[in-house]
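Next come the chains, spelled out residue by residue.
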Amino acid sequence: MSYETLLTDIHGDGPLKTGVITLNRPKAMNALNDQLMDELGAALLAFDRDDAIGCIILTGSEKAFAAGADIAAMKDYDFQKVYSSNYISRNWETIRSVRKPVIGVVQGVALGGGCELAMMCDVVFAAENAKFGQPEITIGVIAGAGGTQRLPRAVGKAKAMDMLLTNRWMDAAEAERCGLVSRVLPADRVMAEALAAAEKICGFGRLAVMATKEAVNAAYETPLSQGLQLERRLFHSMFGTADQREGMDAFVNKRKPAFNRG
Ligand code: HXC
């Protein structure tokens, strides 16, 4: 399937491959308009449904992961329109339903909805030139796609308040120190490293990978005792998979496991 605001590609030569989605509105620094968010949702769901895909990478350009929601598109919206259409929930939350891991690769700016989109990814690799910010306050609104909720969970209240109230941006090194991103890499290596990490994930048992994502995400939604119970049940369910038998047999027989082949 082809898109007007995204590029998609498939990488890897193992049984499971990596689907790469590149945001592609270069003239608007990948500002996130409805068309882009609709296409992004469709591309994510297509890769999620595809049994040959084990991991998804979401990236932008060297200058911009995304500069936020499209301000030109929303400047004339009024309360009636945004409230009645429940603006953004329709197409911004698709990513939450994706069960395969999504690695965000951020180069350049991730601002407003761009920072929020990066935070919706499961793993974030940042180039050394990456910058994260929530500048909504400078245009008379507040963060609307999770910035006030995911940012304090990621970096703590003090840093989140600073970013959201004063429009202070974080560079990649600080973002890594604070737990907003997983790894920082030189710009010319960040995509290769993300592809290598994705390939690693694709080499593990697909059910174990999905269950890991499900269990970690539950940590944000449930009390500890319920989260631990879910983890235990998911752990138990792994004993119904061929990959558990393969992984443990390979370990005791000192050979490399071959997951996802049956
Ligand atoms: C629409 C945008 C845009 C945006 C950049 N552009 N960001 N268009 N929406 N969010 C466009 C510019 O208008 C310009 O178009 C072109 O991209 C290049 O931008 P410049 O400003 O000329 O480039 P530069 O000086 O390098 O500055 C880059 C920038 C700045 C720092 C990213 O553009 C900027 O501050 N953008 C807005 C960031 C922002 O406030 N984001 C939050 C949005 S609200 P032309 O046609 O002039 O060349 C939000 C809420 C999310 O995200 C809530 C959920 C929906």
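First things first, this report covers the structure right here in the doc. (Residues numbered from 1 in each chain as written. Predicted model: local features only at pLDDT ≥ 70, side-chain atom pairs only at ≥ 80, totals over all residues. Heavy atoms only, no water.)

## Focus: helix 5 (residues 113-120)
Convention followed: Burial classes: relative accessible area under 20% of the type maximum marks a residue as buried, over 50% as exposed, and values in between as partly exposed (1.4 Å probe, protein chains only). For helices the rule is a DSSP run of H or I covering at least 4 residues; for strands it is a run of E covering at least 2, with both sets numbered from the N terminus onward.
Summarising burial for helix 5: eight of the eight residues are buried, a large majority. Within helix 5, the full set of buried residues consists of Gly113, Gly114, Cys115, Glu116, Leu117, Ala118, Met119 and Met120.

## A few points about the sheet that holds strand 8 (residues 131-133)
Basically, it comes down to this: Strands are treated as partners if at least two bridges between them are detected by DSSP.
Read from one edge of the open sheet, four strands run 4-6-8-9, paired in mixed fashion. The strands lining the two open edges of the sheet, one partner per strand, are strand 4 (64-66) and strand 9 (170-171). With two bridges connecting them, strand 8 and strand 9 associate as antiparallel partners. The residue of strand 9 that forms the bridge with Phe132 is Met170.

## With respect to the site of the ligand
The line we're drawing: One heavy atom within 4 Å of a molecule or strand makes the whole residue count as near it. Whenever a nitrogen or oxygen atom comes within 3.5 Å of another N or O atom, the pair is scored as a polar contact, on the condition that within protein one atom can donate a hydrogen and the other can accept it, and that pairs from neighbouring residues in sequence are kept only if both atoms are in side chains. In short, Shrake-Rupley with a 1.4 Å probe defines the accessible areas, and a residue's cover is counted only from the protein chains shown. Each residue is assigned to one of three groups, with Ala, Val, Leu, Ile, Met, Phe, Trp, Tyr, Cys and Pro labelled nonpolar, Asp, Glu, Lys and Arg labelled charged, and all others, Gly among them, labelled polar.
As a structural note, the neighbourhood of the ligand is formed by 22 residues, with Ala67, Ala69, Ile71, Ile88 and Gly113 the closest of them. Here Lys27 contributes a backbone N or O atom positioned 3.4 Å from an oxygen atom of the ligand. The contact in question runs from a nitrogen atom of the ligand to an N or O atom on the backbone of Ile71, over 2.9 Å. With the chains in place, 60% of the 1,000 Å² that the ligand exposes on its own is no longer accessible. Mapped onto the shell around the ligand, the elements with two or more residues apiece are helix 2 (71-74) and helix 5. Grouping the amino acids of the shell around the ligand by side-chain chemistry returns 14 nonpolar, four polar and four charged.

## A closer look at the packing of helix 5 against helix 6 (residues 147-155)
Stated precisely, the cut-off is as follows: In this description, a line fitted to the C-alpha atoms serves as the axis of each element, helices being fitted only across the stretch in contact, and the angle between N-to-C directions of two axes falls anywhere from 0 to 180 degrees. Oblique is the label for any angle not under 35 degrees, not over 145, and not in the 65 to 115 range, which are roughly parallel, roughly antiparallel and roughly perpendicular in turn. A crossing counts as left-handed when the near helix is turned anticlockwise from the far one by less than a right angle, and as right-handed when that turn is clockwise. Whether two residues are in contact is decided by their heavy atoms, any of which lying within 4.5 Å being enough.
It is the contact of helix 5 with helix 6, at a shortest axis distance of 10 Å, that shows an interaxial angle of 55°. Here helix 5 is positioned oblique relative to helix 6, judged by the angle of their axes. Crossing geometry of helix 5 relative to helix 6 is assigned as left-handed. In this structure, helix 5 uses Glu116, Met119 and Met120 to contact helix 6, whose residues at the interface are Gly147, Arg150 and Leu151.

## Considering the environment of Arg168
Residue placement: Arg168 occurs in the loop between helix 7 (157-166) and strand 9. Taking the relative accessible area as the measure of exposure, Arg168 reaches 30% and is therefore partly exposed. C-alpha separation for the pair Arg168 and Val123, spaced 45 residues apart in sequence, amounts to 23 Å. Apart from residues lying up to four places away in sequence, Arg168 is in contact with Phe132, Asp162, Met163 and Glu174.

## Observations concerning the sheet that holds strand 1 (residues 6-11)
Overall, mixed pairing links the six strands, which are arranged 1-2-3-5-7-10 in an open sheet. Edge positions in the open sheet fall to strand 1 and strand 10 (183-185), since each of these has one partner strand only. Ignoring which end each strand starts from, the neighbouring axes of this sheet average 20° apart.

## Some words on the packing of aromatic side chains
As a reminder, the rule being used: Within 6.5 Å between ring centres, the rings of Phe, Tyr and Trp (the latter by its six-membered ring) count as paired, and their orientation is classed by plane angle as stacked under 30 degrees, edge-to-face over 60, tilted in between. Consider the ring centre and the ring normal. A charge sits over the ring if Lys NZ or Arg CZ is within 6 Å of that centre and within 35 degrees of that normal.
Overall, the coordinates contain three aromatic pairs when judged by the stated rule. Between Phe79 and Tyr83, the ring centres sit 5.2 Å apart and the planes meet at 20°, which makes this aromatic pair stacked. Taken as a pair, Phe79 and Tyr83 lie in helix 3 (residues 79-84) at a separation of four residues, close to a single helical turn. Here the two residues Phe79 and Tyr83 agree in accessibility, since each one is exposed. On the numbers, 5.3 Å between centres and 75° between planes, the contact of Phe235 with Phe239 is edge-to-face. One residue, Lys81, lies across the ring of Tyr77, its end atom 4.7 Å from the ring centre.

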